[in-house]
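# Residue-level structure breakdown
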Amino acid sequence: MCGLCGTYAPDKTLDRSVAAAMHTRLVHRGPDETYSLDTPTLSAKLGRLGMTALKDGWQPAEDPSGRYTALTNGEIYNAAELRALLGGAPPDNRLDVAVLPELFARYGPAGLARVDGQFATVIHDRADDTLYLGRDRFGICPLFYAVLGTQVHFCSELKSLVRSVPRAWRLDLGAVDQYLALGNIVAPRTLVEDVRAVPPGCVVRFGEGAPETVRYWRYGDFEPVDRPVTGEEIRAAVERSVADRLRADVEIGAYLSGGFDSSTLVLEAARARGKPTRTYSVLFDDAALDEGRFQREVAEAVGSEHHQVRCTPAHVAAEFEDMVRHCCYPQRETYNVAALMLARKVRRTGLKGVISGEGADELFFGYDSYAFDGARRKPPEPHAENEQAWGRADFSWETDPARTARRRELCLAPQALRELPGREYWQDRLIPFDDRETAALTPMQLRSVADVYVQLSGHLLGDHGDMMLMANSVEGRYPFLGEPVVELALGISDERKVADFEGKACLKEAYAGIVPERVLHRAKQGFTAYGLADTADEPTMARWRDLVAATGVFRPDALTALAADPTPDKWDVRLSLISISAIIDELGLRS
């Protein structure tokens, strides 16, 4: 993957220094070489992290007519199939993403639905001087933009955009409310007013008139097949997806948490390569958090060169705030410090890419909440705000109106509470489905859609995945989000995915006798790390209390009030306030 940025000014009031400033702040994303795309109305740059076609690939790429030109961050794993579809002589440019301009020229935005890969792309139509910003199906590659007057600024990272464009930026209070309710921020919102994220599976068009967002693909169109999908078919889909994501001109390693998902990928990677890939794991001092015994069992089973990083409370204390200031995304746990340390280890051992198991829980209903949904005897209490947010009054995902109201009361300053009406999290439709379509989904299917758009795209693939990896010039690849696996998962019934209160039942059944027994049947354990009590001493907490108080958006005593609140919460909201406050300070946002 790479770092993409630029400015588009159709009235030719272009300031090329802005793109240059953004690019200098993205060197960690693309340290190998720099490409530029310059016209009288466009200045775009790409810092490349070279993974494929190191000797015979280049950007910008263009279609045969020369009308469409593109700079693209990411990988297209089915580029050979797409080139065969498009026909013509084999191209001189071997870079996989070089197929995008011709695909776009032939099919428009709908052509991107044919891509099995991960990408953020800027496509310029020279004929009518139109700009398109596109993002892959699941939003693996980030892309932000701001429309300011007649100019459009775009960038792979929020911080680089905001710090490079001179402007008095403001905090988006609606995004703060989203985080207090959901523990996530849902695209297109960001914490910064006037900065938007290109939604997953979408293209945003800029030219004459207002920007237009076109959705070319969405997750959640379930079509159960007439016959049961076999274990052999499941393994074949995963095997193909893993093999595609190991294909590169550099070595690709694998994250190994010790859970079922990552263990499955490590085993498939060893089979695809004919030898074990290098594996990477985090160890914790706390026995309740540590998964080392499972990691070692899988590493020994495949004979991998296994690398471990020990994350201690001291590491979290030293790096938590720096991590937040780098990614500029709120946090509800400290585990991103461990993710940052792990990516650093990958790079120090000479690798530039890893496969990771994100997506399996969302596609195959692996979280405990799916089993509870399936066992529910009566529908939840309906709320009108749910209908606006999700399209169904009886679906709330992980939110609770009373708890959300309590968080607002404990966290927000009086002025923020007065300004909030009309900006509450539920005012936005949070998934790309209308009321009729959500009514046709089962509770588990609807939860799967919400998990993908609320949690997977923004957080697990975003600040936890891309931002921690690319801070160390490492690319993450996600086999469970490959086209063969996604297509298959959409055709498997709820009952095959959740059986006897166990999620991912069909996936585990397919790998019985292949994945070690202890790993196959171990309880689901999320990737967690130490809490504030383990990591923050009183001087640090005092400084953070001052940071929160200085925002103007939070109560000066919010951290104390939250600590004294007797009602249990799903996460330590103090971490959210500390991280949002650090971002406000880092970006100089006005409340």
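In this report, the structure presented in the accompanying data block is examined.

Reading the values: rules and limits
- Residues numbered from 1 in each chain as written.
- Predicted model: local features only at pLDDT ≥ 70, side-chain atom pairs only at ≥ 80, totals over all residues.
- Heavy atoms only, no water.
- Buried < 20%, exposed > 50% of the residue type's maximum accessible area, 1.4 Å probe, protein only.
- Helix = DSSP H or I, 4+ residues; strand = E, 2+ residues; numbered from the N terminus.
- Contact = heavy atoms within 4.5 Å.
- Polar contact = N/O pair within 3.5 Å; in protein donor to acceptor, adjacent residues only side chain to side chain.
- Pairing = 2+ DSSP bridges.
- Core = buried A, V, L, I, M, F, W, Y, C linked by side-chain atoms within 4.5 Å.
- Expected span 1.5 Å × (residues − 1).
- Axes fitted to C-alpha atoms, helices over the stretch in contact; angles between N-to-C directions.
- Parallel < 35°, antiparallel > 145°, perpendicular 65-115°, else oblique.
- Left-handed = near helix turned anticlockwise from the far one by under 90°.
- Phe/Tyr/Trp six-rings, centres within 6.5 Å; stacked < 30°, edge-to-face > 60°.
- Lys NZ or Arg CZ within 6 Å of the ring centre and 35° of its normal.
- Nonpolar A, V, L, I, M, F, W, Y, C, P; charged D, E, K, R; others polar.
- Salt bridge = Lys/Arg side-chain N within 4 Å of Asp/Glu carboxyl O.

### Some remarks on helix α5 (residues 173-182)
Of all 10 residues in α5, 10 are buried; the element is thus mostly enclosed. Taken residue by residue, α5 has Leu 173, Gly 174, Ala 175, Val 176, Asp 177, Gln 178, Tyr 179, Leu 180, Ala 181 and Leu 182 as its buried positions. If you follow the buried residues of α5, they end up packed against α13 (384-390), α14 (401-411), α15 (414-419), α17 (443-470) and α25 (573-587). The N-cap residue of α5 is Asp 172: its side-chain oxygen and the backbone nitrogen of Gly 174 are 2.9 Å apart. Looking one or two residues beyond α5, the residue adopting positive phi is Gly 183, at roughly 70°.

### A word on the sheet that holds strand β4 (residues 61-62)
Here six strands make up an open sheet; going across it, the order is β4-β5-β6-β7-β11-β12 and the pairing antiparallel. Taken across any chain shown, the strands that pair with only one partner, and hence form the sheet edges, are β4 and β12 (212-215). When β4 meets strand β5 (residues 68-76), the two strands line up antiparallel, connected through two bridges. Looking at the pairing, Ala 61 lines up with Ala 70 of β5.

### Side note on the nonpolar core
Most often, soluble globular proteins keep nonpolar side chains buried together rather than apart. Ranked by internal contacts, the top residues of the largest apolar core, which has 182 residues, are Phe 138, Trp 169, Tyr 219, Trp 390 and Leu 577. Of all hydrophobic cores here, the second largest spans 21 residues; its members include Tyr 8, Ala 44, Ala 120 and Val 198.

### Section: helix α6 (residues 231-246)
The end-to-end C-alpha distance of α6 is 22 Å, a good match for the 22 Å that 16 residues give at a rise of 1.5 Å each. Those residues of α6 that sit buried are Ile 234, Ala 237, Val 238, Ser 241, Val 242, Asp 244, Arg 245 and Leu 246.

### Quick notes on the packing of α6 against helix α7 (residues 260-273)
Between α6 and α7, whose axes approach to 9 Å, the crossing angle comes to 70°. Considered as vectors, α6 and α7 are oriented roughly perpendicular to each other. Judged by the twist between their axes, the crossing of α6 over α7 is right-handed. For the pair α6 and α7, the contacting residues are Arg 235, Val 238, Glu 239, Val 242, Ala 243 and Leu 246 in the first and Thr 264, Leu 265, Glu 268, Ala 269, Arg 271, Ala 272 and Arg 273 in the second.

### Quick look at the packing of aromatic side chains
For the structure shown, the criterion picks out 15 aromatic pairs. Ring geometry for Phe 138 and Tyr 219: centres 6.0 Å apart, planes at 45°, overall tilted. With Phe 138 in the loop between β7 (130-135) and β8 (144-148) and Tyr 219 in the loop between β12 and α6, this residue pair connects regions lying 81 residues apart in the sequence. For the pair shown, Phe 138 and Tyr 219 are each scored as buried. Taken together, the aromatic side chains of Phe 138, Trp 217, Tyr 219, Phe 222, Phe 365, Tyr 367 and Tyr 370 make up a single cluster linked through ring pairs. We note Lys 497 situated over the ring of Phe 365; from NZ or CZ to the ring centre the distance is 4.3 Å.

### Re the environment of Ala 471
Looking at where Ala 471 falls in the secondary structure, it is placed in the loop between α17 and β17 (475-477). For the pair Ala 471 and Gly 220, spaced 251 residues apart in sequence, the C-alpha to C-alpha distance is 31 Å. Contacts of Ala 471, omitting those with residues within four sequence positions, involve His 28, His 326, Leu 340 and Asp 466.

### Side note on the packing of helix α9 (residues 313-327) against helix α10 (residues 336-348)
Interhelical geometry of α9 versus α10 gives an angle of 90° and a closest axis separation of 9 Å. The angle between the axes of α9 and α10 places the two elements in the roughly perpendicular class. Contacts from His 315, Val 316, Glu 319, Phe 320 and Met 323 of α9 reach α10 at Asn 336, Val 337, Leu 340, Met 341 and Arg 344. Here the contact of α9 with α10 is built from residues that sort into six nonpolar, two polar and two charged.

### Side note on the pairing of strand β3 (residues 42-48)
Of all seven residues making up β3, seven are buried, and the element is well covered by its neighbours. Residue alternation in β3 divides its side chains into two sets, Leu 42, Ala 44, Leu 46 and Arg 48 and Ser 43, Lys 45 and Gly 47, and both sets are buried. Of the strand pairs in this sheet, strand β1 (residues 2-8) and β3 are connected by seven bridges, and their pairing is antiparallel. By the bridge assignment for β3, Gly 6 is matched with Ala 44. Counting the residues in the hairpin turn of strand β2 (residues 33-39) and β3 gives two residues.

### Notes on the side chain of Thr 41
Positionally, Thr 41 belongs in the loop between β2 and β3. Excluding residues that lie within four positions of it along the chain, Thr 41 makes contacts with Thr 7, Tyr 8, Ala 9, Pro 10, Lys 12, Leu 14, His 124 and Asp 129.

### A word on the pattern of salt bridges
If you walk through the whole model with that rule in mind, you get 51 salt bridges. Between Arg 163 and Glu 586 there is a salt bridge, and its shortest N-O distance comes to 3.0 Å. Residue Arg 163 is located in helix α4 (residues 158-164), and its partner Glu 586 is located in helix α25; the two are separated by 423 residues in the primary sequence. Taking relative accessible area as the criterion, Arg 163 reaches 38% and is therefore assigned partly exposed. One salt bridge in this structure joins Asp 172 and Arg 189, with 2.8 Å as the shortest N-O distance. Of this pair, Asp 172 sits in the loop between α4 and α5 while Arg 189 is found in the loop between α5 and β10 (195-197), placing the two residues 17 residues apart along the sequence. The residues Asp 172 and Arg 189 share a single accessibility class, namely buried.

### Thoughts on the sheet that holds β8
Reading across the sheet, the six strands line up as β2-β3-β1-β9-β8-β10 and stay open at both edges, with antiparallel pairing between neighbours. Two strands lie at the open edges of the sheet, namely β2 and β10, each paired on one side alone. Strand-to-strand twist of the sheet, defined as the mean angle between neighbouring strand axes without regard to direction, takes the value 15°. Strand direction decides the pairing type here: β2 and β3, joined by seven bridges, are antiparallel. The partner of Ser 36 across the bridge, within β3, is Lys 45.

### As for unusual backbone geometry
The peptide bond linking Gln 59 to Pro 60 adopts the cis configuration, its omega dihedral lying at 0°. Here Pro 60 shows up in the loop between β3 and β4. The step from Ala 187 to Pro 188 runs through a cis peptide bond, and the omega angle for that step is 15°. Among the structural elements, Pro 188 can be located in the loop between α5 and β10. The phi torsion at Ala 53 lies on the positive side, around 50°, for a residue other than glycine. Relative to the helices and strands, Ala 53 resides in the loop between β3 and β4. Located in the positive-phi region is Cys 328, a residue other than glycine, with phi close to 50°. As for its position among the elements, Cys 328 is in the loop between α9 and α10.

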